[in-house]
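An overview of the molecular structure
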Amino acid sequence: MGETGWDIRDKGICDALNGFKRPGRFQVLKTDPDVIIDIAHNPASVKNLAALIETFYPGKSVTFVLGLSSDKDTDAILEGLRDTADCIQPVEADNPRALSAVELESRVKRKQIPCLPGTKVREGVKNVLTRQQDLICIAGSHFIYKEAVDTINYLTN
């Protein structure tokens, strides 16, 4: 940055980036069990999410709370989760663009990935919190973010 006339040291840039947070991107919401949320909602971002989970939670059982918009490539997204997901809790956001939880459940079953009955976001989050697992990952849509975070906060505070 010195060539632009700004006196910014590399350490200052590193310090600033270390404090940078992106809510909704591999965001830890709670521990015991670990609950993360990532708004991965397309095949490429789901592939990256699966790689992060394998890196930071190797060998752990993972239950996904998954809600998608109806215009997403659901089959490709599910393929991206196939090797990482031990179970999927299909959920439906309160949004007209949401893929119904019943339809998502049907597609998960067609991919032969274990799943729970489809439901609304709040009920799905409550449901997975009562089950024994190492990691819960909430993913699939910007539309489920707020309701999922609010539910986790309400149930754990």
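This write-up is about the structure you can find in this document. Given the structure is predicted, the values throughout are model-derived calculations rather than measurements.

Here we look at the overall build of the chain
- Scanning the chain for helices and strands turns up six helices and six strands.
- Going from N to C terminus, the chain has its helices and strands arranged as α-β-β-α-β-α-β-α-β-α-β-α.
- Of all 157 residues assigned to the chain, the portion counted as buried reaches 41%.
- Long-range contacts, defined as pairs at least 24 residues apart, comprise 69% of the intrachain contacts of the chain with a sequence gap of at least 6.
- Surface exposure of the chain reaches about 8800 Å², of which carbon and sulfur atoms provide 50%.

Quick word on the state of the cysteines
- Enumeration over the complete set of coordinates arrives at zero disulfides.
- The thiol sulfur of Cys115 is not disulfide-bonded, and the nearest other cysteine sulfur, from Cys87, lies at 6.8 Å.

A look at the pattern of salt bridges
- Taken as a whole and judged by the stated rule, the model has eight salt bridges.
- Across the salt bridge formed by Arg110 and Glu103, the nearest N and O atoms sit 3.5 Å from each other.
- A relative accessible area of 55% places Arg110 in the exposed class.
- On the basis of relative accessible area, Glu103 is assigned to the partly exposed category, the value being 27%.
- Linked by salt bridges that have partners in common, Glu79, Arg82 and Lys111 make up one network.

Describing helix α3 (residues 74–81)
- Of all the residues in α3, the buried ones are Thr74, Ile77, Leu78 and Leu81. All buried residues of α3 lie within an arc of 95° about the axis, which places them on one face of the element.
- As for α3, its buried residues are in contact with α2 (43–56), β3 (62–66), β4 (87–92) and α4 (101–110).

Let's talk about the packing of aromatic side chains
- Applying the stated criterion across every chain yields a total of two aromatic pairs.
- Relative to Phe56, the ring of Phe26 has its centre 5.8 Å away and its plane inclined at 45°; by these criteria the two rings are tilted. Pair noted here: Phe26 is in the loop between α1 (10–18) and β1 (27–30) and Phe56 is in helix α2, with a separation of 30 residues, a long-range link.
- Seen in terms of ring centroids, Phe26 and Tyr57 are 6.4 Å apart; in terms of plane orientation they differ by 55°. Their pairing is tilted. Taken as a pair, Phe26 in the loop between α1 and β1 and Tyr57 in the loop between α2 and β3 lie far apart in primary sequence, 31 residues in all.
- Aromatic ring contacts, followed pair by pair, group Phe26, Phe56 and Tyr57 into a single cluster.

Scoring rules and cut-offs
- Residues numbered from 1 in each chain as written.
- Predicted model: local features only at pLDDT ≥ 70, side-chain atom pairs only at ≥ 80, totals over all residues.
- Heavy atoms only, no water.
- Helix = DSSP H or I, 4+ residues; strand = E, 2+ residues; numbered from the N terminus.
- Buried < 20%, exposed > 50% of the residue type's maximum accessible area, 1.4 Å probe, protein only.
- Contact = heavy atoms within 4.5 Å.
- Areas by Shrake-Rupley, 256 points an atom, 1.4 Å probe, with all protein chains shown as cover.
- Disulfide = S-S within 2.5 Å.
- Salt bridge = Lys/Arg side-chain N within 4 Å of Asp/Glu carboxyl O.
- Arc of directions from axis to C-beta.
- Phe/Tyr/Trp six-rings, centres within 6.5 Å; stacked < 30°, edge-to-face > 60°.

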